[in-house]
Amino acid sequence: MNDTVKAYSVHLLTATGAVWSMLAMLAAVDGNWDMMFLWLVVAFVVDGVDGPLARRYGVKTRAPLIDGVLLDLIIDYLTYVFIPAYALFASGLLPGWTGWVAIIVITFTSALYFADTRMKTKDNSFAGFPACWNMVALVIFALKPDFWVTLALVVALALTMFTRFKFVHPVRTARWRAVTLPMALAWTGFAAWAAWVDFHPQSWAHWGLIITSVYLLSAGIVQELIPRRG
């Protein structure tokens, strides 16, 4: 297989995210939330591996007919934003007007964030919360906090998207990568586990989700508070 074929194969892998998002949406429409999140976890894994593969095989120069960045953003908006917002609205976890507020806030602010040219920092982290609503929604489904807590969390994270608070990228942020990448992989495993057992309240996966989510949300901010030595 020559390098050009390998490069275009990466684009094909990225495009499968559209298929996983459709399967997730069909499950969501049926109220099959555990299956919806399992498909979103599959999409999350694909999104985690296609970037390193794209850089390895030089898709920008060897497969230039497809804009990999644009393709990735289109699929990310479906899997990270649109479907999780629908799930929060349709599941009843945010009843009445709170559900409307959540889907409007999530979809509107995330569209602006995805188009913001300042979304990446110099160290390849994210400036502001990177609209990972799929992760937020899964944790909410697992823990089922009071709807006021959920609404406050949604609004707070949406506002954080327009700050300069740093959020680490599990693969591309070099600092603490030895910890961050395993944490992200562990979060993925706990997420799949929690969805597989239909978010059973006694599942140990919930504790794993809490620990890994707190780290992934706070690591970038802590890095800003602790200057790099040398």
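To be clear, the structure that these remarks concern was listed above.
Residues numbered from 1 in each chain as written. Predicted model: local features only at pLDDT ≥ 70, side-chain atom pairs only at ≥ 80, totals over all residues. Heavy atoms only, no water.

**Student:** In this structure, what is going on with the overall build of the protein? I would like to understand it.
**Tutor:** A tally of helices and strands in the protein yields nine helices and two strands. Listing the helices and strands of the protein from first to last along the sequence gives α-α-α-α-α-β-α-α-β-α-α. Computed over the C-alpha atoms, the radius of gyration of the protein is 18 Å, within 12% of the 17 Å expected from 2.2 N^0.38 for a compact globule of 230 residues. Considered along the principal axes of its C-alpha atoms, the protein spans approximately 50 × 45 × 35 Å. Put simply, the protein has 230 residues, and 44% of those count as buried. Carbon and sulfur atoms make up 71% of the accessible area of the protein, which amounts to about 12,000 Å² in all. (Helix = DSSP H or I, 4+ residues; strand = E, 2+ residues; numbered from the N terminus. Rg over C-alpha atoms; globule rule 2.2 N^0.38 Å. Buried < 20%, exposed > 50% of the residue type's maximum accessible area, 1.4 Å probe, protein only. Areas by Shrake-Rupley, 256 points an atom, 1.4 Å probe, with all protein chains shown as cover.)

**Student:** Just checking my understanding: could you explain the nonpolar core for this structure?
**Tutor:** In globular proteins that are soluble, nonpolar side chains generally tend to be buried together. One finds M36, F37, W133 and W187 to be the most contacted residues of the largest nonpolar core, which totals 56 residues. Elements with a contribution of two residues or more to this core: α1 (3–29), α2 (33–56), α4 (68–90), α5 (97–114), α6 (133–143), α7 (147–160), α8 (177–196) and α9 (205–225). Of the residues forming this core, the biggest block, nine residues, is contributed by α6. In contact with M36, not counting residues within four places along its chain, are A24, A27, A28, I83 and A87. Counting residues in each nonpolar core, the second largest holds six residues, with A7, V10, V59 and A63 among its members. (Core = buried A, V, L, I, M, F, W, Y, C linked by side-chain atoms within 4.5 Å. Contact = heavy atoms within 4.5 Å.)

**Student:** Honestly, the packing of aromatic side chains in this entry has me stumped. Any pointers?
**Tutor:** Both the distance between ring centres and the angle between the ring planes are used here to describe each pair of aromatic rings. Going through the model one piece at a time under the given rule, you end up with 14 aromatic pairs. Taking 5.7 Å as the distance between ring centres and 5° as the angle between the ring planes, the aromatic pair formed by W20 and W39 counts as stacked. Placement of W20 in helix α1 and of W39 in helix α2 is noted, with a sequence separation of 19 residues between them. Look at W39 and you get partly exposed, because its relative accessible area is 24%. (Phe/Tyr/Trp six-rings, centres within 6.5 Å; stacked < 30°, edge-to-face > 60°.)

**Student:** How do you make sense of unusual backbone geometry when you look at a structure like this?
**Tutor:** Trans peptide bonds make up the majority, and among non-glycine residues the majority have a negative phi. Although it is not a glycine, A131 adopts a positive phi angle of roughly 55°. Structurally, A131 is set in the loop between β1 (126–127) and α6. A relative accessible area of 0% places A131 in the buried class. Non-glycine residue F199 carries a positive phi angle of around 55°.

**Student:** Where do I start with the pattern of salt bridges in this structure?
**Tutor:** Opposite charge on two side chains lets them pair, provided their charged atoms get close. Enumeration over the complete set of coordinates arrives at three salt bridges. Salt-bridge contacts for K166 lead to D123; the nearest nitrogen and oxygen are separated by 2.7 Å. Here K166 is found in strand β2 (residues 166–167), whereas its partner D123 is found in the loop between α5 and β1, with 43 residues between them in sequence. For D123, a relative accessible area of 25% puts it in the partly exposed group. (Salt bridge = Lys/Arg side-chain N within 4 Å of Asp/Glu carboxyl O.)

**Student:** When you look at the side chain of H11 in this model, what are you seeing that I'm missing?
**Tutor:** Mapped onto the fold, H11 is located in helix α1. We classify H11 as buried; its relative accessible area is 4%. Engagement of the side chain of H11 in a polar contact is seen with the backbone oxygen of A63, the distance being 3.2 Å. When residues no more than four places from it in sequence are discounted, the contact partners of H11 are V59, A63, I66, G68 and L71. (Polar contact = N/O pair within 3.5 Å; in protein donor to acceptor, adjacent residues only side chain to side chain.)

**Student:** Quick question: what am I supposed to make of the environment of I140 here?
**Tutor:** Relative to the assigned elements, I140 resides in helix α6. Residue class for I140 comes out buried when judged on its relative accessible area of 4%. I140 sits 27 residues away from Y113 along the chain, and the two C-alpha atoms are 22 Å apart. Once residues within four sequence positions are removed from consideration, I140 is found in contact with L88, L93, P145, T150 and L153.

**Student:** Please clarify how the packing of α4 against α5 should be interpreted in this entry.
**Tutor:** Helices that pack against each other are described as a pair by the angle of their axes relative to one another and the distance between those axes. Between α4 and α5, whose axes approach to 8 Å, the crossing angle comes to 170°. Classified by the angle between their axes, α4 and α5 sit roughly antiparallel to one another. Counting all contacts with α4, which are made through L73, D76, Y77, V81, A85, L88 and F89, the residues of α5 involved are G99, W100, I103, I106, T107, S110, A111 and F114. Here the contact of α4 with α5 is composed, by residue class, of 11 nonpolar, three polar and one charged. (Axes fitted to C-alpha atoms, helices over the stretch in contact; angles between N-to-C directions. Parallel < 35°, antiparallel > 145°, perpendicular 65-115°, else oblique. Nonpolar A, V, L, I, M, F, W, Y, C, P; charged D, E, K, R; others polar.)

**Student:** Help me understand the side chain of D116 in this model?
**Tutor:** Within the secondary structure layout, D116 lies in the loop between α5 and β1. Judged by its relative accessible area of 18%, D116 falls in the buried class. Within polar-contact distance, the side chain of D116 engages the backbone nitrogen of R118 at 2.8 Å.

Just distances and angles here, no functional claims.
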